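Structure assessment
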Amino acid sequence: MAFITTTDFSPRMRAQIDRFFASLGQGFNAYLEARTRRDQIERLQMLSDAQLAEMGISRDRIVHHVFRDRLAL
């Protein structure tokens, strides 16, 4: 025997559900971006000063380099 249930949400309820999942997605995207940038900073910190110089980065500018698209530094 099969049971089929349909739920018809009101437009207001659908909008609230949409907002919930949109905010959840935005938070998840922000987390992933922050984690990716943190990983990039850690990888650059592990390089020697000579390796960083070859890339045109000084150690004190690693964070600026990683966030250059956000901070316009």
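Scroll up to find the structure this text is about.
Residues numbered from 1 in each chain as written. Predicted model: local features only at pLDDT ≥ 70, side-chain atom pairs only at ≥ 80, totals over all residues. Heavy atoms only, no water.

Our next topic: the overall build of the protein. Along the backbone of the protein there are four helices and zero strands. Relative to a compact globule of 73 residues, whose C-alpha radius of gyration would be 11 Å, the protein shows 22 Å and is clearly more extended. Considered along the principal axes of its C-alpha atoms, the protein spans approximately 70 × 35 × 10 Å. Residues counted as buried form 10% of the 73 residues belonging to the protein. Taken as a whole, the protein presents about 6,400 Å² of accessible surface, with 58% of it coming from carbon and sulfur. (Helix = DSSP H or I, 4+ residues; strand = E, 2+ residues; numbered from the N terminus. Rg over C-alpha atoms; globule rule 2.2 N^0.38 Å. Buried < 20%, exposed > 50% of the residue type's maximum accessible area, 1.4 Å probe, protein only. Areas by Shrake-Rupley, 256 points an atom, 1.4 Å probe, with all protein chains shown as cover.)

So, on to the environment of Arg-70. Residue placement: Arg-70 occurs in helix α4 (residues 68-71). Separated by 16 residues in sequence, Arg-70 and Glu-54 place their C-alpha atoms 23 Å apart. Beyond its immediate sequence surroundings of up to four residues, Arg-70 is in contact with Glu-33 and Arg-37. (Contact = heavy atoms within 4.5 Å.)

Our next topic: the side chain of Arg-37. Examined against the element boundaries, Arg-37 turns out to sit in helix α1 (residues 11-46). Residue class for Arg-37 comes out buried when judged on its relative accessible area of 10%. Beyond its immediate chain neighbours, meaning those up to four positions away, Arg-37 contacts Val-66, Phe-67, Asp-69 and Arg-70.

On to the packing of aromatic side chains. Pairs of aromatic rings are described using the distance from one ring centre to the other and the angle between the two planes. Counted under the stated rule, the structure contains one aromatic pair. Arranged with centres 5.0 Å apart and planes meeting at 75 degrees, the rings of Phe-20 and Phe-21 form a pair that is edge-to-face. The class of Phe-20 is partly exposed, set by a relative accessible area of 48%. (Phe/Tyr/Trp six-rings, centres within 6.5 Å; stacked < 30°, edge-to-face > 60°.)

This part takes up the nonpolar core. A general feature of soluble globular proteins is that nonpolar side chains tend to end up buried together. One finds Ile-41, Leu-44, Leu-52, Ile-57, Ile-62 and Val-66 forming the largest nonpolar core, which totals six residues. Counting residues per element, the ones that place at least two in this core are α1 and α3 (62-66). Not counting the four nearest positions on each side in its chain, Ile-41 is found in contact with Ile-62, Val-63, Val-66 and Phe-67. (Core = buried A, V, L, I, M, F, W, Y, C linked by side-chain atoms within 4.5 Å.)

On inspection of all chains with the given rule, the structure shows four salt bridges. A salt bridge links Asp-39 to Arg-38; the nearest nitrogen and oxygen atoms lie 3.5 Å apart. Asp-39 sits in the partly exposed class, given a relative accessible area of 27%. Across the salt bridge formed by Arg-59 and Asp-49, the nearest N and O atoms sit 2.8 Å from each other. Of this pair, Arg-59 sits in the loop between α2 (49-54) and α3 while Asp-49 sits in helix α2, and the two are ten residues apart along the sequence. (Salt bridge = Lys/Arg side-chain N within 4 Å of Asp/Glu carboxyl O.)

None of the figures reported here should be taken as evidence of function without further support.
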